Amino acid sequence: MPSTYIMNTWTTTKIKASKGKHKLVCLTAYDYTTAQLIDAAGIQLILVGDSLAMTMLGYENTLPVTMEEMLHHTRAVSRGVKDALVVADMPFMSYQASPELAIENAGRFIKDAFAGAVKLEGGTVRVPAVKALVDNGIPVLGHIGLTPQSINETGGYKVQGKNSAEAGNLIDDALALEGAGAFAIILECTPPAIGAEVTKAVNIPTIGIGAGPDCDGQILVTHDLLGLYSGHTPKFAKKYCDLSSIMSQAIGEYKIETESNAFPSEEHCY
Ligand code: KIV
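Each pair of aromatic rings is reported with the distance of its centres and the angle of its planes. Evaluated as defined, the whole model comprises one aromatic pair. Each ring, one from tyrosine 254 and one from phenylalanine 263, has its centre 5.9 Å from the other, and the planes form 70°; the classification is edge-to-face. Lying over the aromatic face of tryptophan 10, lysine 14 brings its terminal NZ or CZ to 4.5 Å of the ring centre.

A word on the domain arrangement of the chain. The assigned domain composition of the chain is domain 1 (12-239) and domain 2 (244-270). Between the C-alpha centres of domain 1 and domain 2 there is a distance of 40 Å.

Take the site of the ligand next. The full set of residues close to the ligand is Thr28, Leu47, Gly49, Asp50, Ser51, Asp89, Lys119, His143, Glu188, Ile209 and Val221. Aspartate 50 has a polar side-chain atom sitting 3.0 Å from an oxygen atom of the ligand. Between an oxygen atom of the ligand and a side-chain N or O atom of lysine 119, the distance comes to 3.1 Å. When the free accessible area of the ligand is taken as 260 Å², the share hidden by the protein chains comes to 95%. Grouping the amino acids of the shell around the ligand by side-chain chemistry returns three nonpolar, four polar and four charged.

This part is about unusual backbone geometry. A cis amide bond, omega 0°, links phenylalanine 263 with the succeeding residue proline 264. Here cysteine 189, not a glycine, exhibits a phi torsion of approximately 60°, which is positive. Residue placement: cysteine 189 occurs in the loop between strand E6 (184-188) and helix H9 (192-201).

The subject of this paragraph is the packing of helix H6 (residues 127-135) against helix H8 (residues 164-180). The contact between H6 and H8 brings their axes to 8 Å, and the two run at 25°. Between H6 and H8, the angle falls in the class roughly parallel. Both H6 and H8 take part in a crossing whose hand is right-handed. Listed contacts from H8 to Val127, Val130, Lys131 and Val134 of H6 are Ala176, Leu177 and Ala180. Along the lines of polarity and charge, the residues of the contact of H6 with H8 split into six nonpolar, no polar and one charged.

Attention now moves to the environment of alanine 250. The topology assignment puts alanine 250 in helix H11 (residues 243-259). Placed 119 residues apart in sequence, alanine 250 and lysine 131 show a C-alpha to C-alpha distance of 50 Å.

What counts and what doesn't
- Residues numbered from 1 in each chain as written.
- Predicted model: local features only at pLDDT ≥ 70, side-chain atom pairs only at ≥ 80, totals over all residues.
- Heavy atoms only, no water.
- Phe/Tyr/Trp six-rings, centres within 6.5 Å; stacked < 30°, edge-to-face > 60°.
- Lys NZ or Arg CZ within 6 Å of the ring centre and 35° of its normal.
- Domains from an automatic or database assignment.
- Near = heavy atom within 4 Å.
- Polar contact = N/O pair within 3.5 Å; in protein donor to acceptor, adjacent residues only side chain to side chain.
- Areas by Shrake-Rupley, 256 points an atom, 1.4 Å probe, with all protein chains shown as cover.
- Nonpolar A, V, L, I, M, F, W, Y, C, P; charged D, E, K, R; others polar.
- Helix = DSSP H or I, 4+ residues; strand = E, 2+ residues; numbered from the N terminus.
- Axes fitted to C-alpha atoms, helices over the stretch in contact; angles between N-to-C directions.
- Parallel < 35°, antiparallel > 145°, perpendicular 65-115°, else oblique.
- Left-handed = near helix turned anticlockwise from the far one by under 90°.
- Contact = heavy atoms within 4.5 Å.

Here you go:
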């Protein structure tokens, strides 16, 4: 069993206190092995993102993923992580209907899957849920800007904050989340100037994904960073390697060697 109640090095308090001191480096993980690698690299916050709906489960978007699926992956990640803060992403409709529902479901991520915090999407509209969670000892990471769980309402994956009214709303949303007790905020897909403005407006760290270099930290979907996802990847997702090609090549070599009887050779036999 994992060290269930031994605190990881990176707590929400430490993450919050990092503002103005150092950049926060954050990534997603969905499984034990990848989480171990990411943790060992010194990444401070690991998000079990609902992006696993697409990258791990083959859904078209994040909307269908269930609490049970998110819990299953969060447990696996928690078992692999010693130092980073593990944040569980609350799936669509697990928190929107009422603060009571949010408490019930968020509590499962903390009690049954050993997450250190939860993330939920939305700004001002989410204040009652965020307050309720924080008041009940559940730290919250906010998420504003492009919020993929709202695609049916917003009409798709679009850059946010492109005019002054939208930019003003984003600042109001960030301030509202800070006021409600969120320890940090993910800011997705805004022009860099808006990333900088929101970051200046709040005293908690902003973690950007496609929100420019002036956020207090950055997060990427690990599958995008590694070149491991075959679906659409956004402009902001820098691919640091092409793991899909490396994997395809290795699998192809195995097939050829097995068919030609080159594998298993003597060194792989008892
Ligand atoms: O689900 C996810 O991967 C996210 C991103 C913002 C990192 O929410």
